[in-house]
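Residue strings, one per chain:
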Amino acid sequence: MSTPLEKPAPALPVAPETLPDSAAGGTTVRRARGTVGARCGALWLIAITVAAVAAPVLPLPDPSTITDQYSIPPFRQAAHVLGTDPLGRDLLSRVVHGAQISLAVAVGATLLALVVGTALGLAAGFFRGRVDIAFDVGSNTVLAFPPLILLIALVAVMEPNIGTLTVGLGLVGMPTFARIARANTIAFAGRDFVTASKSLGAGTFRILVREILPNVALPVFSFAIVVAATLVVAEGSLSFLGLGVPPPTPSWGGMIAAERESLYEAPYLVLVPGMFFFLTVLSLNMTGDWVRDRIGRESAL
């Protein structure tokens, strides 16, 4: 039996499993929903990627072949599951082949921005001084231009093709990757393990690659998935404006732009590529959010 002067024992930390439903239940439900969404998104990304890569060998008609099967709505003919456009071209074949353009440009531009931006950010954050000043001026110069205007100018000067779009979108995304890499490099450059490596005689390249880069790669990689979703939208926007890959090569943005005047008479002509566009961007965003959440929890441990 305790006396009035005795202080109660401090409360022990409670494991998340023993928290009441109001505290732990909401977090568990949110994580479960995020995991389910990420899995569905990953399945869609795998399916659309496999279909895009295997498009030449799939039993699909040529996406540019004009036939007499004009404007057939979806699910009316087994030979044209998603219907045909006003020129008789198969919509399923066109959206699958269009995925090649959207995914190739988005993935290529993301990899370009990630590799070059991370390298610049590592150099600026590690060496500081004049290198950091030059990096700051260069990144601010690129960010000062509106991205759409910069892309329009680049496409106007160069031939509009996959390579031009990849380089242009990679250039737009490069400063953001570089800034993330620079900030994380500055945070890790003064850590004990880096100081120990220097004391043991490790060279600059070894320190950057073996000590700092693995720690910088995690946040940069999680951000890359979200950037890929943004670049899919950017490629579709350029194709919608007529600045993407020229016809008859199909692309999702180009298909939407070509049939936008038929939205009231035949809405499926816009909804079919628009649905593929929407599901791909949504899947990339959900997967990126899940990866970022997992990396954040692992970093906190």
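Residues numbered from 1 in each chain as written. Predicted model: local features only at pLDDT ≥ 70, side-chain atom pairs only at ≥ 80, totals over all residues. Heavy atoms only, no water.

1. Thoughts on empty space enclosed by the protein
Turning to step 1, where the next piece is worked out: For the structure on display, the rule yields 1 cavity of 30 Å³ or more.
Turning to step 2, where the next piece is worked out: Estimates place the volume of the largest cavity at around 60 Å³.
Turning to step 3, where the next piece is worked out: For the largest cavity, the full set of lining residues is Asp85, Arg89, Leu91, Arg94, Met255, Ala258, Glu259 and Leu269.
Turning to step 4, where the next piece is worked out: Sorting the residues of the lining of the largest cavity by element identifies α2 (91-127) and α8 (252-258) as the ones contributing at least two each.
Turning to step 5, where the next piece is worked out: Along the lines of polarity and charge, the residues of the lining of the largest cavity split into 4 nonpolar, no polar and 4 charged. (1 Å grid on protein atoms, 1.4 Å probe; cavity = no way out; pocket = protein on both sides within 12 Å on 5 of 7 lines; lining within 4 Å. Points joined across faces, edges and corners; volume = space filled by probe spheres on them. Helix = DSSP H or I, 4+ residues; strand = E, 2+ residues; numbered from the N terminus. Nonpolar A, V, L, I, M, F, W, Y, C, P; charged D, E, K, R; others polar.)

2. Description of the packing of aromatic side chains
Turning to step 1, where the next piece is worked out: Going through the model one piece at a time under the given rule, you end up with 5 aromatic pairs.
Turning to step 2, where the next piece is worked out: With a centroid separation of 5.3 Å and an interplanar angle of 70°, the aromatic rings of Phe177 and Phe223 are classed as edge-to-face. Remark: Phe223 occurs in helix α7 (residues 204-240) and Phe177 occurs in helix α5 (residues 162-189); sequence separation between them is 46 residues.
Turning to step 3, where the next piece is worked out: The class of Phe223 is partly exposed, set by a relative accessible area of 25%.
Turning to step 4, where the next piece is worked out: Here the aromatic cluster, defined as three or more aromatic residues joined through ring pairs, consists of Trp44, Trp252, Phe276 and Phe277.
Turning to step 5, where the next piece is worked out: Across the ring face of Phe240, the terminal group of Arg260 is positioned such that the distance to the ring centre comes to 5.5 Å. (Phe/Tyr/Trp six-rings, centres within 6.5 Å; stacked < 30°, edge-to-face > 60°. Buried < 20%, exposed > 50% of the residue type's maximum accessible area, 1.4 Å probe, protein only. Lys NZ or Arg CZ within 6 Å of the ring centre and 35° of its normal.)

3. Quick notes on the side chain of Ser239
Turning to step 1, where the next piece is worked out: Along the polypeptide, Ser239 turns up in helix α7.
Turning to step 2, where the next piece is worked out: A residue is classified by how much of its surface remains accessible, and Ser239, at 6% relative accessible area, is buried.
Turning to step 3, where the next piece is worked out: Within the structure, Ser239 has its side chain in polar contact with the side chain of Glu235 (distance 2.8 Å).
Turning to step 4, where the next piece is worked out: Ignoring anything within four residues of it in the chain, the contact list for Ser239 reads Gly244, Val245, Ser251, Gly253, Gly254 and Ala257. (Polar contact = N/O pair within 3.5 Å; in protein donor to acceptor, adjacent residues only side chain to side chain. Contact = heavy atoms within 4.5 Å.)

4. Comments concerning α7
Turning to step 1, where the next piece is worked out: For α7, which comprises 37 residues, the first-to-last C-alpha distance of 46 Å sits more than 12% below the rise-based estimate of 54 Å (1.5 Å per residue).
Turning to step 2, where the next piece is worked out: At Leu213, α7 shows its maximal bend, which comes to roughly 55°, and the proline Pro214 appears one to four places after that position.
Turning to step 3, where the next piece is worked out: Of the residues one or two after α7, Gly242 is the one with positive phi, at around 85°. (Expected span 1.5 Å × (residues − 1). Bend = angle between axes of the 7 residues up to and from the residue.)

5. Some words on the nonpolar core
Turning to step 1, where the next piece is worked out: The biggest cluster of nonpolar side chains holds 51 residues, and the ones touching the most others in it are Leu91, Val95, Phe177, Ile212, Trp252, Phe276 and Leu284.
Turning to step 2, where the next piece is worked out: Elements that contribute at least two residues to this core include exactly α1 (21-53), α2, α4 (147-157), α5, α7, α8 and α9 (268-300).
Turning to step 3, where the next piece is worked out: Apart from the residues lying within four places of it in its own chain, the contact partners of Ile212 are Leu122, Phe126, Thr185, Ala189, Val194 and Ile207. (Core = buried A, V, L, I, M, F, W, Y, C linked by side-chain atoms within 4.5 Å.)

6. Regarding the packing of α2 against α7
Turning to step 1, where the next piece is worked out: Where α2 contacts α7, the two axes come as close as 8 Å, and the packing angle between them is 145°. Two packed elements cross with a definite hand, and for α2 against α7 that hand is right-handed.
Turning to step 2, where the next piece is worked out: Among the residues forming the contact of α2 with α7, the class breakdown is 19 nonpolar, 4 polar and 1 charged. (Axes fitted to C-alpha atoms, helices over the stretch in contact; angles between N-to-C directions. Left-handed = near helix turned anticlockwise from the far one by under 90°.)

7. Brief notes about the packing of helix α3 (residues 129-144) against α5
Turning to step 1, where the next piece is worked out: Taken N-terminus to C-terminus, the directions of α3 and α5 make an angle of 145°; their axes are 9 Å apart at the nearest point. For the pair α3 and α5, the crossing hand works out as left-handed. Across the interface between the two elements, Asp132, Phe135, Asp136, Ser139, Asn140, Val142 and Leu143 from α3 touch Leu171, Pro175, Ala178, Arg179 and Arg182 from α5.
Turning to step 2, where the next piece is worked out: Classifying every residue of the contact of α3 with α5 gives 6 nonpolar, 2 polar and 4 charged.

8. Details of the side chain of Ser102
Turning to step 1, where the next piece is worked out: Along the polypeptide, Ser102 turns up in helix α2.
Turning to step 2, where the next piece is worked out: Overall, Ser102 belongs to the buried group, its relative accessible area being 0%.
Turning to step 3, where the next piece is worked out: Not counting residues up to four positions away in its chain, the partners in contact with Ser102 are Val232, Glu235 and Trp252.

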